[in-house]
Amino acid sequence: MPPPIKALLFDLDNTLIDREAAFTRFATCFYEDNLSALKSTTREEAVAKMVAWDQDGYSDRGAMFAKWAQEWPEARLDPEKLLTWYRTEMKNHVQRDNDVNALLADLNSHRIPWGIVTNGNTTSQHVACRAAGLDQLAPFVIVSQQAGYRKPDPRIFRDAIDQTGIESPENVMFVGDNPRADIDGAKQFGMKTAWVRRGRQFPDDLQPPDLEIDHVAELRDIVNLFV
Ligand SMILES: [Mg+2]
């Protein structure tokens, strides 16, 4: 018998919230407001570039906005102003996922320990949680900037497991979309893992996850096993 799963830990972006869709909406609004008059690009092309440079939120924000200014000089963009605007505007494009939130509410009603472990800026990640209705649900949220270390650093997994109150990592499942930061990091730490595919193949050079899913709501089957 494999060790039972007694707690769950979740990545935030592109796991509990569809960050890619949110960023695409954000970039499309930006195009409409600032770039649509330019002859040098189309909406599809500009939005695709912005989404690619975002790297699912993993690229450096300052460098990313400098690239925008460089790419479209006619628009006279100021990278610093873009960063400030991003910090206030991005949350408006985050949408709650009712299927995800229903599953998390069920974890709470069954008293199954769980929490969120996310890499990023403390304020932005808490604001995103609020926008998605997760702040009301999550027993705890660990943000890398506040913790002082980022996934896949084992210390952030240690902190998270401590907060679940479960002693052994093998009884905890980590759910995330980033093969290295989430899945490999959690696996190295001895946890069970569920990878959110998003239409991709898991990298060959890493140990495969225990589970591959398309959406977090699929975990309901797993959860039913231990309630
Ligand atoms: Mg993610």
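So, how was this worked out
- Here the residue numbering is sequential within each chain, running from 1 through the sequence in written order.
- Local features in a predicted model are, by the rule used here, given only for residues with pLDDT of at least 70; side-chain atom pairs are given and counted only at 80 or more, and totals for whole chains, interfaces and linings are based on all residues.
- Secondary structure follows DSSP: runs of H or I at least 4 residues long count as helices, runs of E at least 2 residues long count as strands, and numbering of each begins at the N terminus.
- Note on geometry: axes are C-alpha line fits, over the in-contact stretch for helices, and angles between N-to-C directions span 0 to 180 degrees.
- In what follows, roughly perpendicular refers to angles from 65 to 115 degrees, roughly parallel to angles under 35, roughly antiparallel to angles over 145, and oblique to any angle outside these ranges.
- In this scheme the handedness of a crossing depends on how the near helix is turned from the far one: anticlockwise by less than a right angle means left-handed, clockwise means right-handed.
- Contacts are defined on C-beta atoms placed from the backbone: any two residues whose C-beta positions lie within 7 Å are in contact.
- Side-chain classes are defined by residue name, with Ala, Val, Leu, Ile, Met, Phe, Trp, Tyr, Cys and Pro counting as nonpolar, Asp, Glu, Lys and Arg as charged, and the others, Gly among them, as polar.
- Around each residue's C-beta, the other C-beta atoms within 10 Å are counted; 20 or more make the residue buried, 12 or fewer make it exposed, and counts in between make it partly exposed. All C-beta atoms are placed from the backbone.
- The criterion for strand pairing is that DSSP finds at least two bridges linking the strands in question.
- The path from the first strand over the helix to the second decides the hand: if it runs clockwise while the strands point away from the viewer, the crossover is right-handed.
- For the purposes of this analysis, a nonpolar core is taken to be any set of buried Ala, Val, Leu, Ile, Met, Phe, Trp, Tyr and Cys residues that are connected through C-beta atoms within 7 Å.
- For the domain bounds, the source is a domain assignment made automatically or taken from a database.
- Each direction from the helix axis to a C-beta atom contributes to the arc, which is the arc of those directions.

Caption draft 1: Just the environment of C29, in detail. In this structure, C29 sits in helix α1 (residues 19–35). Between the alpha carbons of C29 and R180 there is a distance of 31 Å; along the sequence they are 151 residues apart.

Caption draft 2: Structural context of the packing of helix α2 (residues 43–54) against helix α3 (residues 61–71). With their axes 10 Å apart at the nearest point, α2 and α3 run at an angle of 155° to one another. Classed by the angle they form, the pair α2 and α3 counts as roughly antiparallel. Considering the relative orientation of α2 and α3, their crossing is right-handed. Here α2 contributes K49, M50, W53 and D54 to the contact with α3, which in turn contributes M64, K67, W68 and E71. Among the residues making up the contact of α2 with α3, the classes are represented as four nonpolar, no polar and four charged.

Caption draft 3: How the structure looks around the pairing of strand β2 (residues 114–118). For β2, a buried count of four out of five residues is recorded, marking the element as mostly surrounded by other parts of the structure. Direction of pairing for strand β1 (residues 7–10) relative to β2: parallel, over a ladder of three bridges. Along β2, the bridge assignment pairs F10 with I116. Pairing of β2 with strand β3 (residues 141–143), which is carried by three bridges, proceeds in the parallel orientation. In the sheet register, I116 faces β3, and the bridge partner there is V141. Between the parallel elements β2 and β3, the chain passes through helix α6 (residues 122–131) in a crossover that is right-handed.

Caption draft 4: The arrangement of the nonpolar core in detail. With 53 residues, the main nonpolar core has L8, L9, F10, L16, I116, M173 and V175 as its most contacted residues. Built from parts of two domains, this core gets at least three residues from each of domain 1 (7–17 + 96–225) and domain 2 (19–93). Beyond its immediate stretch of four places on either side in the chain, L9 contacts W114, G115, V117, A160, V172 and F174.

Caption draft 5: Focus on the environment of R19. Looking at the secondary structure, you find R19 in helix α1. With 22 C-beta atoms counted inside 10 Å, the residue R19 sits in the buried group. Taking the C-alpha atoms as reference points, R19 and V94, separated by 75 residues in sequence, lie 7.0 Å from one another. Once residues within four sequence positions are removed from consideration, R19 is found in contact with D13, N14, D56 and G57.

Caption draft 6: Quick peek at the domain arrangement of the protein chain. Per the domain assignment, the segments of the protein chain are domain 1 (7–17 + 96–225) and domain 2 (19–93). Taking only C-alpha atoms into account, the centre of domain 1 sits 28 Å from that of domain 2. In this assembly, eight residues from domain 1 lie in contact with seven residues from domain 2. The residue makeup of the side of domain 1 that touches domain 2, split by class, is four nonpolar, three polar and one charged.

Caption draft 7: Expanded view of the packing of α1 against α2. Running from N to C, α1 and α2 cross one another at 130°; their axes reach a closest spacing of 9 Å. The orientation of α1 relative to α2 falls into the category oblique. α2 is crossed by α1, and the crossing has right-handed handedness. Contact residues: α1 offers F23, T24, A27, T28, Y31 and L35, while α2 offers R43, A46, V47, M50, V51 and D54. Per-class residue counts for the contact of α1 with α2 are eight nonpolar, two polar and two charged.

Caption draft 8: View of helix α8 (residues 154–164). Among the residues making up α8, those that are buried are I156, F157, A160 and I161. Angularly, the buried residues of α8 cover 135° about the axis, an arc narrow enough to put them on a single face. For α8, the elements touching its buried residues are β1, β2, β3, α7 (144–147), β4 (172–176) and α9 (179–188). Looking at the residues trailing α8, positive phi occurs at G165, about 80°.

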